[in-house]
Amino acid sequence: MAITQVVGVDIGSGAIRAVEVSGIGSKRPSVVRFSTMPLPDGAVHAGEVLEVNTVAAALKQLWSTAKFSSKNVVLGVGNSKVLVRDFAVPKLSLAEIRESLPTHVQEMLPVPVADAILDFYPISESPSDTGPVVNGLLVAVIKESVLANVKAVQAAGLNPIGVDLIPFALTRLTSAARLVGNVAHIEIGSRTTNVIVTTGGVPQFVRTIANGGHDLTVALADRLDLSLDDAEALKRHLGLTGAAATPEQAPAVAVIREITAALLYSLRDTLGYFANSRQNDPFAGVVLSGGGAQLLGLADAFSEVARIPVVLGDTFGNIDVAKDASRGAGSQAGLNVALGLALGGAAA
Ligand SMILES: Nc1ncnc2c1ncn2[C@@H]1O[C@H](COP(=O)(O)OP(=O)(O)OP(=O)(O)O)[C@@H](O)[C@H]1O
Ligand SMILES: [Mg+2]
């Protein structure tokens, strides 16, 4: 029997975020409930659970306070231990292609094939000298990097029914589905930035950059000799524009600009790389999300650097949300990954 109600669980460095969706696979899925549970420092690093018991306890608390009705959980992965590459294989059924992956991919992987979870997402078909081929994205996830996350979910008495790529989750949001042409979805987390380009909603290109909002906080703290908490507060207060800065805060503004510029240039180059590989197809726009994207002035600055319209993603878009969905905890901010994971359901 198909599972139609699941909870997408995004285990970030700072918090666990969960969104329960019903009607998965139907025309009108809807949000039943959502909630967030903060995590102590060090429990999770770049998406990998380091302290299984701490995360399991937080998950239990999340389920008891927010009263999710389903125990079926879809987890996300998205860090530098995920490899996504263009890949072409002779045309076969998708099941046959998936089965044949281990024989094709060893030379691309940094670990033995047996230590990776492999998948293939078809994009297009084309002829070749040896017959038709299917072009798509090969996804390889190092098993070890998700093991502890799965264990934490199980230790909380929940049932992990799937592990999906965080970048793919970003493309399922209703606000994303309305966009036409090449669109880049960029999620700036604490230590990781995920980039996915879709064309007409279909994933074409995925990159993960090991850099995020926390790296800026650390740079501020190091260079100005501040505590991490003070650096974090200063960063949020000043933002990229530094409009509210006093003269004494000029050095902080300079650090914020320098570190952020490096991230924005690498994002621009990543998008440029994709455009070049596709005859310079232009981008219709960029959708930014993640806590790091909340830095004041960041969206405008990126638009200027990349010369592409940039918007901040609207988490729930036009999906139906139950009236009492937020029982347990407040805001919708940052829930886009968890929602996208749930919308993908058990398909992953
Ligand atoms: N208003 C703000 N201004 C600037 N930065 C902010 C703001 N709000 C949050 N951030 C930054 O967002 C980052 C956290 O983002 P997010 O919550 O998406 O990460 P995460 O999911 O917990 O971590 P990850 O996905 O990397 O494991 C932190 O570095 C934080 O400083
Ligand atoms: Mg995150």
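Residues numbered from 1 in each chain as written. Chains lettered and ligands numbered in written order. Predicted model: local features only at pLDDT ≥ 70, side-chain atom pairs only at ≥ 80, totals over all residues.

### Details of the overall build of the chain
Here is step 1 of the chain: The secondary structure content of the chain amounts to 10 helices and 16 strands.
Here is step 2 of the chain: Radius of gyration (C-alpha) of the chain: 20 Å, near the 20 Å computed for a compact globule of 348 residues.
Here is step 3 of the chain: Based on the C-alpha atoms only, the size of the chain along its principal axes is roughly 65 × 50 × 40 Å.
Here is step 4 of the chain: Partitioning the contacts of the chain with sequence separation of at least 6, the portion at a separation of at least 24 is 67%. (Helix = DSSP H or I, 4+ residues; strand = E, 2+ residues; numbered from the N terminus. Rg over C-alpha atoms; globule rule 2.2 N^0.38 Å. Contact = placed C-beta atoms within 7 Å.)

### Points about the site of ligand 1
Here is step 1 of the chain: The local shell around ligand 1 holds 23 residues, among which Gly12, Gly189, Ser190, Gly213 and Gly291 are the closest.
Here is step 2 of the chain: Where the shell around ligand 1 is concerned, the elements lending two or more residues are helix H6 (213-224) and helix H7 (228-238).
Here is step 3 of the chain: Within the shell around ligand 1, the residues separate by chemical class into 3 nonpolar, 16 polar and 4 charged.
Here is step 4 of the chain: Two domains each donate at least three residues to the shell around ligand 1, and these are domain 1 (6-79 + 144-178 + 314-347) and domain 3 (213-311). (Near = placed C-beta within 6 Å. Nonpolar A, V, L, I, M, F, W, Y, C, P; charged D, E, K, R; others polar. Domains from an automatic or database assignment.)

### Points about the environment of Val44
Here is step 1 of the chain: Relative to the assigned elements, Val44 resides in strand E4 (residues 44-45).
Here is step 2 of the chain: Looking at Val44, the number of C-beta atoms within 10 Å reads 26, which means it is buried.
Here is step 3 of the chain: Sequence separation between Val44 and Ala148 is 104 residues, and the spatial gap between their C-alpha atoms is 10.0 Å.
Here is step 4 of the chain: Setting aside residues no more than four positions away along its own chain, Val44 makes contact with Ile11, Gly12, Ser13, Leu39, Val49, Leu50 and Val55. (Buried ≥ 20, exposed ≤ 12 C-beta atoms within 10 Å, placed from the backbone.)

### Looking at the nonpolar core
Here is step 1 of the chain: With 85 residues, the main nonpolar core has Val9, Ala18, Val19, Leu59, Ala338 and Ala342 as its most contacted residues.
Here is step 2 of the chain: By residue number, the principal contributor to this core is helix H8 (residues 250-277), which donates 7 residues.
Here is step 3 of the chain: Look past the residues within four positions of Val9 in its chain and what remains in contact with it is Ile16, Ala18, Val73, Val74, Leu75, Ala338 and Leu341. (Core = buried A, V, L, I, M, F, W, Y, C linked by C-beta atoms within 7 Å.)

### Things to note about the sheet that holds strand E8 (residues 116-126)
Strand pairing in a sheet is mediated by backbone hydrogen bonds. Such pairs are either parallel or antiparallel.
Here is step 1 of the chain: An order of E7-E9-E8 is seen for the 3 strands of this open sheet, with the pairing classed as antiparallel. Each having just a single partner strand, strand E7 (82-90) and E8 make up the two edges of the open sheet. The average undirected angle you get between the axes of adjacent strands in this sheet is 25°.
Here is step 2 of the chain: Taken together, the 10 bridges between E8 and strand E9 (residues 133-142) define a ladder with antiparallel strand orientation. Bridge pairing in E9 links Ser126 to Val133.
Here is step 3 of the chain: Contacts from helix H2 (residues 94-105) reach E7, E8 and E9 within the one sheet, and its direction differs from that of E8 by about 120°. (Pairing = 2+ DSSP bridges. Axes fitted to C-alpha atoms, helices over the stretch in contact; angles between N-to-C directions.)

### Here's the deal with the domain arrangement of the chain
Here is step 1 of the chain: As far as domains go, the chain holds domain 1 (6-79 + 144-178 + 314-347), domain 2 (82-142) and domain 3 (213-311).
Here is step 2 of the chain: One C-alpha centre belongs to domain 1, the other to domain 2, and the line joining them spans 28 Å.
Here is step 3 of the chain: At the junction of the two partners, domain 1 supplies 7 residues and domain 2 supplies 5 residues.
Here is step 4 of the chain: Of the residues in the side of domain 1 that touches domain 2, the class split is 3 nonpolar, 3 polar and 1 charged.

### A word on the sheet that holds strand E12 (residues 193-199)
Here is step 1 of the chain: Sheet architecture is open: 5 strands sit in the order E13-E12-E11-E14-E15, paired in mixed fashion. Looking along the sheet, the strands with just one partner apiece sit at the ends: strand E13 (202-209) and strand E15 (310-312). Taking the axes of each pair of neighbouring strands and ignoring which way they run, one obtains an average angle of 20° across the sheet.
Here is step 2 of the chain: Across 6 bridges, the pairing between strand E11 (residues 182-188) and strand E14 (residues 283-289) is parallel. Within E14, the position partnered with Val183 by the bridge is Gly285.
Here is step 3 of the chain: Against the sheet, H8 contacts E11, E12, E13 and E14, and its axis sits at roughly 30° relative to E12.
Here is step 4 of the chain: Relative to E15, helix H9 (residues 298-306) is tilted by about 160°, and along the sheet it contacts E14 and E15.

### Some points on the pairing of strand E6 (residues 72-77)
Here is step 1 of the chain: Most of E6 is tucked away, with 6 of its 6 residues classed as buried.
Here is step 2 of the chain: Alternating residues of E6 divide into Asn72, Val74 and Gly76 and Val73, Leu75 and Val77, and every residue in both groups is buried.
Here is step 3 of the chain: Sheet analysis places strand E1 (residues 6-11) next to E6, joined by 3 bridges and oriented parallel. Counted as the bridge partner of Val9 is Leu75 from E6.
Here is step 4 of the chain: Here E6 runs beside strand E10 (residues 159-165); their pairing, made up of 6 bridges, is parallel. Bridging from a neighbouring strand, Val77 pairs with Leu165 of E10.

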